[in-house]
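# Report on the structure
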Amino acid sequence: MCTLEKRGNIYILTLTGDDDHRLNPTLLDSISAAVHRVRSETTTPSALITTAHGKYFSNGYDLAWSQSDPDRHILMSTKLRLLVRDLISLPMPTIAAVSGHAAAGGFILAQAHDYVLMRKDRGFLYMSEMDIKLVMPDWFVKLLKNKIGSPAAIRDVLLRADKVTAEVAVTKGIIHSAHDSAEETVKAAVRLAEELVMRKWDGQVYGCNRKVVFADVLAAMNFDETVEDVAGANIIPSRI
């Protein structure tokens, strides 16, 4: 599941355990509950850092759990969209300290944060849809286009399914910075969070402005055509 630690005005949400942190409803509910707690407790300028134990930040949807029933695909998609929507509206800066591999939905979870920091000694970012023969949800693409400025980098991530290391991701403008280890990545995230908190921004204004920036993403998140259309046709996709 996950833990939530508060250090002054900084919250650190950690996906716990040494597994690959697959995004099943149980884990998504746990993360969402932590984000809701942060929202309810915050009365002063704050920041949220999300990180993970083990070699994975997140390896995407829990395929073993979902592949037997299309309704499970719908449930996972809905819960991920709700979580990302919560992160976009959260009244504070958010930072993903990516501690290892972040693939598919795990990549999307990381990119739902304002800043992405990543360890460079292990792990890569990977959108797997081309390799596993899936059409990407429109909201995935809109989110990544909002976060990655280079059309060539978007092409490499989405249409080449490149496995991008931290140092390459920095040069392509996919992440904010790369660091020597998971520990150094979290330390750098804390330093960045402290700098942002010191700006003393109004959290409600920050959240509202972020929603304006991501208005096209929020509009696209009302429906996941790659899951709900397929399920409605009684076809169970093999992978998500």
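Up top is the structure these notes are about.
Read on for a plain summary of the structure. All figures in this text were calculated on a predicted structure; none of them were measured in a lab. Sequence order as written defines the numbering, with residues in each chain counted from 1. Thresholds applied to this predicted model are a pLDDT of at least 70 for local features of residues and 80 or more for the giving and counting of side-chain atom pairs; totals over whole chains, interfaces and linings are not thresholded and use all residues. Hydrogens are left out, water is left out, and the side-chain values use all remaining heavy atoms of the structure.

### Details of the overall build of the protein chain
- Starting at the N terminus, helices and strands are each numbered in turn, a helix being any DSSP run of H or I of at least four residues and a strand any DSSP run of E of at least two. A count of helices and strands for the protein chain gives 11 helices and 10 strands.
- C-alpha atoms define the radius of gyration in this analysis, and the globule rule sets the expected value at 2.2 Å times the number of residues to the power 0.38. Computed over the C-alpha atoms, the radius of gyration of the protein chain is 17 Å, within 12% of the 18 Å expected from 2.2 N^0.38 for a compact globule of 240 residues.
- Expressed as a percentage of the 240 residues in the protein chain, the buried residues total 55%.
- The contact rule is simple, with two residues in contact once any of their heavy atoms fall within 4.5 Å. By sequence separation, contacts in the protein chain at least 24 residues apart represent 75% of the contacts at least 6 residues apart.
- Surface summary for the protein chain: the accessible area is close to 10500 Å², and the carbon and sulfur share equals 52%.
- Positive and negative charge centroids in the protein chain, built from 28 and 29 side chains respectively, lie 3 Å apart. Relative accessibility under 20% of the residue-type maximum defines a buried residue, over 50% an exposed one, and the middle range a partly exposed one, all with a 1.4 Å probe and only protein chains included. What sets the accessible areas is the Shrake-Rupley method with a 1.4 Å probe; for residues, cover comes only from the shown protein chains. Neither His nor the chain termini are counted; the positive set is Lys and Arg, and the negative set is Asp and Glu. Lys charges are placed at NZ, Arg charges at CZ, Asp charges at CG and Glu charges at CD.

### Examining the sheet that holds strand β5 (residues 94-98)
- Note: two strands are recorded as paired if DSSP finds a minimum of 2 bridges between them. Across the sheet, 6 strands lie side by side as β1-β2-β3-β5-β7-β10; this open sheet has mixed pairing. Because the sheet does not close on itself, it has two edges, and the strands there are β1 (2-7) and β10 (177-179). Taken over all neighbouring pairs, the strand axes of this sheet differ in orientation by 20 degrees on average, direction set aside.
- Sheet topology places strand β3 (residues 47-52) next to β5; 3 bridges connect them, and they run parallel. Bridge assignment links T50 to a residue of β5, and that residue is A96.
- To get an axis, a line is fitted to the C-alpha atoms, and for a helix only the part in contact is used. The angle between two axes follows their N-to-C directions and goes from 0 to 180 degrees. Along the sheet, helix α1 (residues 25-41) makes contact with β1, β2 (10-15) and β3, crossing β2 at roughly 175 degrees.
- Packing against the sheet, helix α8 (residues 182-198) makes contact with β1, β2, β3, β5, β7 (115-119) and β10, and its axis sits at approximately 155 degrees to β7.

### Thoughts on the pattern of salt bridges
- Each reported salt bridge corresponds to a side-chain nitrogen of Lys or Arg within 4 Å of a carboxyl oxygen of Asp or Glu. Here the structure, examined in full by the defined rule, presents 13 salt bridges.
- The salt bridge partner of D138 is K142, with a shortest N-O separation of 2.9 Å. Taken together, the residues span about one helical turn, with D138 and K142 both in helix α5 (residues 138-147) at a distance of 4 residues.
- Owing to a relative accessible area of 31%, D138 belongs among the partly exposed residues under this scheme.
- Residue K142 is classed as partly exposed on the basis of its relative accessible area of 26%.
- For the salt bridge of D156 with K172, the shortest nitrogen-to-oxygen distance reads 2.8 Å. Remark: K172 occurs in the loop between α7 (166-171) and β10 and D156 occurs in helix α6 (residues 151-158); sequence separation between them is 16 residues.
- Three or more residues are tied together by salt bridges with common partners; here these are R155, D156, R160, D162 and K172.

### Comments concerning the sheet that holds strand β6 (residues 101-103)
- Spatial ordering of the open sheet is given by β4-β6-β8-β9, a layout of 4 strands whose pairing is mixed. The sheet is open, and its two edges are formed by β4 (56-58) and β9 (163-164), each paired on a single side.
- Pairing of β4 with β6 involves 2 bridges; the strand directions are parallel. Within β6, the position partnered with Y56 by the bridge is H101.

### Observations concerning the packing of α1 against helix α3 (residues 70-89)
- In the contact formed by α1 and α3, the axes pass within 10 Å of each other and the chain directions differ by 20 degrees. Relative to α3, the element α1 is oriented roughly parallel. When you trace α1 past α3, the crossing you get is left-handed. The segment α1 lies against α3, with P25, L28, D29, I31, S32, V35, H36 and R39 engaging L75, M76, K79, L80, L83, D86, L87 and S89.
- A per-class count over the contact of α1 with α3 returns 9 nonpolar, 3 polar and 4 charged. Here roughly perpendicular refers to angles of 65 to 115 degrees, roughly parallel to angles under 35, roughly antiparallel to angles over 145, and oblique to all remaining angles. Should the near helix be turned anticlockwise from the far one by less than a right angle, the crossing is termed left-handed; should it be turned clockwise, right-handed. Residue classes follow a fixed rule: Ala, Val, Leu, Ile, Met, Phe, Trp, Tyr, Cys and Pro count as nonpolar, while Asp, Glu, Lys and Arg count as charged, and any other residue, Gly among them, counts as polar.

### Considering the packing of α3 against helix α9 (residues 203-213)
- Contact pair α3 / α9: the axes reach a minimum separation of 7 Å and the direction vectors enclose 125 degrees. With respect to each other, α3 and α9 are oriented oblique. Here L87, I88 and S89 of α3 come into contact with α9, specifically with G207, R210 and K211.
- Residue classes in the contact of α3 with α9 are distributed as 2 nonpolar, 2 polar and 2 charged.

### Here we look at the packing of aromatic side chains
- Side-chain rings of Phe, Tyr and Trp (the six-membered ring for Trp) are treated as a pair once their centres are within 6.5 Å; stacked means planes under 30 degrees apart, edge-to-face means over 60, and tilted covers the remaining angles. Counted according to the given criterion, the structure contains 3 aromatic pairs.
- Aromatic pair F124 and Y126: ring centres 6.2 Å apart, planes at 80 degrees, arrangement edge-to-face.
- When the centroid spacing of 4.8 Å and the interplanar angle of 85 degrees are considered together, the rings of W139 and F140 count as edge-to-face.
- Residue classification places F140 among the buried positions, given a relative accessible area of 4%.
- Note on geometry: a ring has a charge over it if NZ (lysine) or CZ (arginine) is within 6 Å of the ring centre and within 35 degrees of the ring normal. The ring of W65 has R72 lying over it, and the distance from NZ or CZ to the ring centre is 4.6 Å.
- One Lys or Arg, K163, reaches over the ring of Y126 and ends 4.9 Å from the middle of that ring.

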